[in-house]
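# Overview (structure and organization)
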Amino acid sequence: MLTRRRTAVVALLAALAIGLGACGGSTSGGSTAGGQGSGMQPAQQTVTLRLLTMKQAAYSDQDVQAMAKGFEETHPGVQVDITFVPYESLHDKITADQASGSGVYDVVLIDGMWTGEFARAGFIRDVTDRWTPAMQSGIFESSKDIVRFNGRLYGVPWINDTKFLFYNKQMLAQAGIQQPPKTWEELLADARLLKQKGIVQYPIAWSWAQAEAVICDFGQLMFSEGGHFLDEKNQPAFQTDGGLQALQFMVQTLKDGLSNPHSISYLEDDVRQVFSQGQAAFALNWTYMYALANDPKQSKVAGQVGVVPTPAFSGKPAVGINGGMGLAITKSSAHPDLAWQLIETMSSEPVENKYAALSLPIWKDSYQQQSVIATGPELVQAAESQFARMESRPNVPWYNQMSTELQKDIQSALLMQATPQQALQRAADFTRQLAQQQ
Amino acid sequence: MSLHEWNLTMPRHPFVGLANYAQILATPSFWQAIGRTLYFTLVSTGLELLLGLAIALLLNRPFRGRGLLRALVLLPWALPTVVNGIMWRWIDNPDYGALNALLTQAGLLHAYRNWLGSPWSALNMVILADVWKMTPLAALLLLAGLQTIPRELYESAAIDGAGGWRQFLGITLPLLRTSILIVLVARTIEAFKVFDIIYIMTRGGPGDGTMTIAYYAYTQAFSSLLFGKGAAISYLIALFILLLSVGYVRLLRPAQ
């Protein structure tokens, strides 16, 4: 009897804990900051700015720390405290922080598709009036897109990125392939040849894990088929034409053994590792892979890495997927002016140029600078043509919901549990409902 | 909160009564997540109980170095779940994971497998990681139970001519009932709300293959910002756990 009562109490307590967790569920790691520094304090007081950024792709941790250090030197009394999280945790971390009502971070890194969502939720501040004329005219339009929502600017772009096609020069030479592919059809033909000659078991590596990563590869293929995620009325368009062909393409390369079957659990950094281990001839990835795959300390294929703009389907123009990200000031920040200064410094042309090796600048002028070109002439050349024509994932407040569903459905096709038509149709039905509820 | 349409990106959070619950209960992916979670709970709790019992029985016998071994057995449990998850993700890595290397070298596997690359296999690998970590706790609880059983009982049973198996069924198991119940209830509740190991190892993928109910609630609330729905799912989880616990207590209540 005693046992029974005790157990019931345990069960009830557990139930309560979950229920409470759901209500208050947004408590985040720390609970400091927030109230600190309200009103003017004596000048000696140190102010801590908290920056939330990501731990993969683009700038390395050391680069970001160096940028922050540079800012601290010119701003005595200010300390920048940086938190790095994996990209996959970034969205939810910002949500948890800001939804709690007592956010810890002052400046957060946001991806282009979240701008609308976070702006509408009131997590980030409208900074349109803080933008200087130099920023307005000097930064790529495609980069501005990532922080724009309803014609207002909610941050400053910091990372300018798109997916490039990386290839292993030595493997291509071994197979007698003269130049890297310009179309997806050529890429498949090359891959088939490489496989036949036994040079590499699975010639292409992709990031198709159930995460935003798979949407980027799918989107890239869809864009180069002339497809779009949504039409002008924000209704799903990915289930027809370009989108359908993209998914069929993905499934077919798996069936033919041209794509690494493990791609289904790869994130971008796994793709980098596989390519760096010499286990792939081709890989689609962000800018940062170029420097790291060419670093002998981290890569077995250093010096053999080639990079070109992503291929198009034959007869179609090459379009790159916009992978830019920006810095935004949170609603909860107690030091918005200082936060702006930090953002302004980190995204300024000299700073962006200095750290261009892992993430290309948002400034048009940078691509004429010798110091930037010297970081990787091949890459900068590929970037110039790729940045000229980029397409973004839709910046609607419900993007993340759509993406979550689409990731799952694309994977069901890649796992051969559904045909590409069925999979995309399911996602389209879901998206149509979503669009309606707004 | 669960009674409101609480979309964080919307300015208003209107009261909607039980609409969130109705919507959730009509969603196939909710029931799929429940099914997956039940499988996870049954298999992981079952394995942890059986393995835990075996380890406890072993450690209850006197032998040299028993104290050291008792301490060592606890190691996996002392590891934070996040560390455990990352470790198993490396072990399961399709290209350079230890599991592939081990099985290939032992001749059991001829090509490297992507353990976390298909829904079914991924779910079982997550269970394996959970069992590895939580079995020591079960063993510890059961060992404590074993130590309370008076030695005289076994001695008199031996005099009566009862063999090891009879002793186990006649003495050990009945007297261990309370400990078993504690293990079952504690582990069932824990397993039913499994979240962290999934977050680290698979994030619900591939193809939603490891989307358990707690992770489902998390994605609704934090990835989709539908806090009303997330809260409603959490209450449903609590309800399910309550039902499970009541069932256990009924099942294992000492005969009166």
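## Regarding the overall build of chain A
Scanning chain A from N- to C-terminus turns up 18 helices and 13 strands. Across the 438 residues that make up chain A, the buried fraction comes to 60%. Contacts spanning at least 24 positions in sequence make up 74% of the contacts within chain A whose residues lie at least 6 apart. Accessible area of chain A: about 17,000 Å², with a carbon and sulfur share of 51%.

## Section: the packing of helix α8 (residues 151–159) of chain B against helix α9 (residues 164–175) of chain B
Residue and element names in this part refer to chain B. For the pair α8 and α9, interaxial distance at closest approach is 10 Å and the crossing angle is 160°. Looking at the two axes, α8 sits roughly antiparallel to α9. Crossing handedness for the pair α8 and α9: right-handed. Contact residues: L153, Y154, A157 and A158 in α8; Q167, I171, T172 and L175 in α9.

## Some words on the interface of chain B and chain A
Every contact between the two is made by 48 residues of chain B and, on the other side, 47 residues of chain A. Buried area between chain B and chain A, both sides added, is near 3,800 Å², and the carbon and sulfur share of it is 61%. Counting across the chain B and chain A interface gives 1 salt bridge. One salt bridge connects K408 of chain A with D208 of chain B, and the closest N-O pair in it is separated by 3.6 Å. Counting the contacts that link chain B with chain A gives 11 residue pairs in polar contact (both at pLDDT 80 or more). At the level of elements, α10 (177–192), α12 (213–223) and α13 (227–252) of chain B are the ones that each hand at least two residues to the side of chain B that touches chain A.

## Describing the sheet that holds strand β12 (residues 325–329) of chain A
Backbone hydrogen bonds hold the strands of a sheet together, and the pairing may be parallel or antiparallel. Residues and elements named next belong to chain A. Read across the sheet, 5 strands follow the order β2-β1-β3-β12-β6 without closing on themselves; strand pairing throughout is mixed. The two strands at the open ends of the sheet, each matched to only one other strand, are β2 (78–85) and β6 (156–159). Sheet twist, expressed as the average angle between the axes of neighbouring strands with direction ignored, equals 30°. Taken together, the 3 bridges between β6 and β12 define a ladder with antiparallel strand orientation. When the sheet's bridge partners are listed, V156 is paired in β12 with L327. Across the sheet, helix α2 (residues 61–74) lies against β1 (47–54), β2 and β6, angled at about 165° from β2, the strand it touches most.

## A word on the confidence of the model for chain B
All names here are of chain B. Looking at chain B, pLDDT values average 90 and 99% of them are 70 or higher. The secondary-structure element of chain B with the lowest mean pLDDT is α13, recorded at 88, while helix α7 (residues 119–147) shows the highest, at 95. Overall fold confidence for the complex sits at a pTM of 0.85, while the interface term, ipTM, reaches 0.82.

## Examining empty space enclosed by the protein
If you walk through the whole model with that rule in mind, you get 4 cavities of 30 Å³ or more. One number sums up the size of the largest cavity: a volume of about 320 Å³. Around the largest cavity sit 17 residues that line it, and E88, A211 and Q407 of chain A together with R203 and S223 of chain B are the ones nearest its centre. Of all elements in the fold, only α3 (87–99) and α17 (399–414) of chain A together with α12 of chain B reach the threshold of two or more residues within the lining of the largest cavity. Class assignment of the residues belonging to the lining of the largest cavity gives a composition of 6 nonpolar, 7 polar and 4 charged. Taken as a whole, the second largest cavity encloses approximately 170 Å³ of empty space. Residue lining of the second largest cavity: 15 residues in total, with M54, Y87, E268, W286 and M325 of chain A positioned closest to the centre. Along the lines of polarity and charge, the residues of the lining of the second largest cavity split into 8 nonpolar, 2 polar and 5 charged.

The rules we used
Residues numbered from 1 in each chain as written. Chains lettered and ligands numbered in written order. Predicted model: local features only at pLDDT ≥ 70, side-chain atom pairs only at ≥ 80, totals over all residues. Heavy atoms only, no water. Helix = DSSP H or I, 4+ residues; strand = E, 2+ residues; numbered from the N terminus. Buried < 20%, exposed > 50% of the residue type's maximum accessible area, 1.4 Å probe, protein only. Contact = heavy atoms within 4.5 Å. Areas by Shrake-Rupley, 256 points an atom, 1.4 Å probe, with all protein chains shown as cover. Axes fitted to C-alpha atoms, helices over the stretch in contact; angles between N-to-C directions. Parallel < 35°, antiparallel > 145°, perpendicular 65-115°, else oblique. Left-handed = near helix turned anticlockwise from the far one by under 90°. Buried area = accessible area lost by both parts, 1.4 Å probe. Salt bridge = Lys/Arg side-chain N within 4 Å of Asp/Glu carboxyl O. Polar contact = N/O pair within 3.5 Å; in protein donor to acceptor, adjacent residues only side chain to side chain. Pairing = 2+ DSSP bridges. pLDDT = per-residue confidence, 0-100. 1 Å grid on protein atoms, 1.4 Å probe; cavity = no way out; pocket = protein on both sides within 12 Å on 5 of 7 lines; lining within 4 Å. Points joined across faces, edges and corners; volume = space filled by probe spheres on them. Nonpolar A, V, L, I, M, F, W, Y, C, P; charged D, E, K, R; others polar.

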